[in-house]
Amino acid sequence: MPAPSVLSMARSLRGYRLQEVGLRGDMYYKFSGFTQKLAGSWASAAYTPQGLKPVASSEAPPIIFATPTKFASETAPYDYAGKNKVPELQKFFQKSDGLPVHLKHGLPDQMLYRTTMALTLGGTIYCLIALYMASQPKNK
């Protein structure tokens, strides 16, 4: 059986696409996000990409909150960040009083440091004990 010609395959494919679209005249295509290829479509779908539909009504939506709109020139500037404390903190942490930086805030820093060191030493000891117990053979 001879292989079908490219022209006959193209005709059958075009006929299939025309039947799929439902038109016999103009062809409309759109990009399919699923197959990542061009696919036949209706004219309305081809002119609204990715399924976006034109707005049905041109009237404004109802107001949800009844607060009046203020322009930027009408409002006073609001300082969201507050006062800049960076220069004061730089002076505080850079003064030479013999303390390391991580202990400069006093008792809360000392408690945090000591708790961290205790947990680190305790975890190290626990790991060494667990390794020792795992290295010993089991007695039956």
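Residues numbered from 1 in each chain as written. Predicted model: local features only at pLDDT ≥ 70, side-chain atom pairs only at ≥ 80, totals over all residues. Heavy atoms only, no water.

**Student:** Would you mind showing me how to read the overall build of the protein chain here?
**Tutor:** Across its full length, the protein chain carries 4 helices and 2 strands. When each of the 140 residues of the protein chain is scored for burial, the buried share is 8%. Considering only contacts within the protein chain whose residues lie at least 6 apart along the sequence, 0% involve residues at least 24 apart. Carbon and sulfur atoms make up 65% of the accessible area of the protein chain, which amounts to about 13300 Å² in all. (Helix = DSSP H or I, 4+ residues; strand = E, 2+ residues; numbered from the N terminus. Buried < 20%, exposed > 50% of the residue type's maximum accessible area, 1.4 Å probe, protein only. Contact = heavy atoms within 4.5 Å. Areas by Shrake-Rupley, 256 points an atom, 1.4 Å probe, with all protein chains shown as cover.)

**Student:** Quick question: what am I supposed to make of the side chain of Asp109 here?
**Tutor:** For Asp109, the position within the fold is in helix 4 (residues 107-135). Salt bridges are absent for the buried Asp109, whose nearest opposite-charge side chain, Lys104, sits at 9.9 Å. Residues within four places of Asp109 in sequence aside, it is in contact with His102, Leu103 and Lys104. (Lys, Arg positive; Asp, Glu negative; His and termini not counted. Salt bridge = Lys/Arg side-chain N within 4 Å of Asp/Glu carboxyl O.)

**Student:** Where do I start with the packing of aromatic side chains in this structure?
**Tutor:** How two aromatic rings sit relative to each other is set out by the distance from centre to centre and by the angle between their planes. The tally for this structure, following the rule as stated, stands at 1 aromatic pair. The interplanar angle of 80 degrees and the centroid separation of 5.2 Å between the aromatic rings of Phe92 and Phe93 together place this pair among those described as edge-to-face. Under the relative-accessibility criterion, Phe93 is labelled partly exposed at 26%. (Phe/Tyr/Trp six-rings, centres within 6.5 Å; stacked < 30°, edge-to-face > 60°.)

**Student:** It is not clear to me how the confidence of the model for the protein chain should be interpreted in this structure. Could you clarify?
**Tutor:** As a general rule, the predicted coordinates of low-pLDDT regions are not to be interpreted in detail. For the protein chain, the average pLDDT comes to 75, and 59% of its residues sit at 70 or higher. Per-element confidence in the protein chain ranges from a low mean pLDDT of 48 for helix 1 (residues 6-21) to a high of 96 for helix 4. Here residues 12-23 is a poorly scored stretch, pLDDT under 50, and it has 16 contacts once near neighbours within four places are set aside; other chains count. (pLDDT = per-residue confidence, 0-100.)

**Student:** So what exactly am I meant to see when it comes to unusual backbone geometry here?
**Tutor:** Most peptide bonds adopt trans geometry, and most residues besides glycine take a negative phi value. Here the phi dihedral of Gln36 falls at roughly 60 degrees; this positive angle occurs in a residue that is not glycine. Checked against the element boundaries, Gln36 lands in the loop between strand 1 (29-31) and strand 2 (38-40).

**Student:** I keep staring at the UniProt feature "transmembrane region" (unreviewed entry) in the protein chain and nothing clicks. Help me out?
**Tutor:** If you check UniProt for "transmembrane region" (unreviewed entry), the listed places come out as residues 111-134 in our numbering. This span, residues 111-134, is 100% helix and 0% strand, and a straight line between its end C-alpha atoms measures 34 Å. (UniProt positions renumbered as here; feature names shortened; annotations may be inferred.)

**Student:** I tried to follow the pattern of salt bridges on my own but got confused; where do I start?
**Tutor:** Any two side chains of opposite charge can pair, on the condition that their charged atoms come close. Considering all chains together, one arrives at 2 salt bridges under this definition. A salt bridge links Glu88 to Lys83; the shortest N-O distance between them is 3.0 Å.

**Student:** Where do I start with a nonpolar patch on the surface in this structure?
**Tutor:** Together, Ile125, Ile129, Tyr132 and Met133 make up a nonpolar patch on the protein surface, roughly 460 Å² of accessible area in all. Tracing the backbone shows Met133 in helix 4. The exposure class assigned to Met133 is exposed, which follows from its relative accessible area of 58%. (Patch = residues over 30% accessible without salt bridge, like charges linked within 9 Å, V, L, I, M, F, W, Y side chains within 5 Å.)

**Student:** Please clarify how the side chain of Lys104 should be interpreted in this entry.
**Tutor:** Considering the arrangement of structural elements, one finds Lys104 in the loop between helix 3 (86-94) and helix 4. Separated by 2.7 Å, the side chain of Lys104 and the backbone oxygen of Lys95 make a polar contact. For Lys104, the residues in contact, after removing those within four places along its chain, are Phe92, Phe93, Lys95, Asp97, Leu99 and Asp109. (Polar contact = N/O pair within 3.5 Å; in protein donor to acceptor, adjacent residues only side chain to side chain.)

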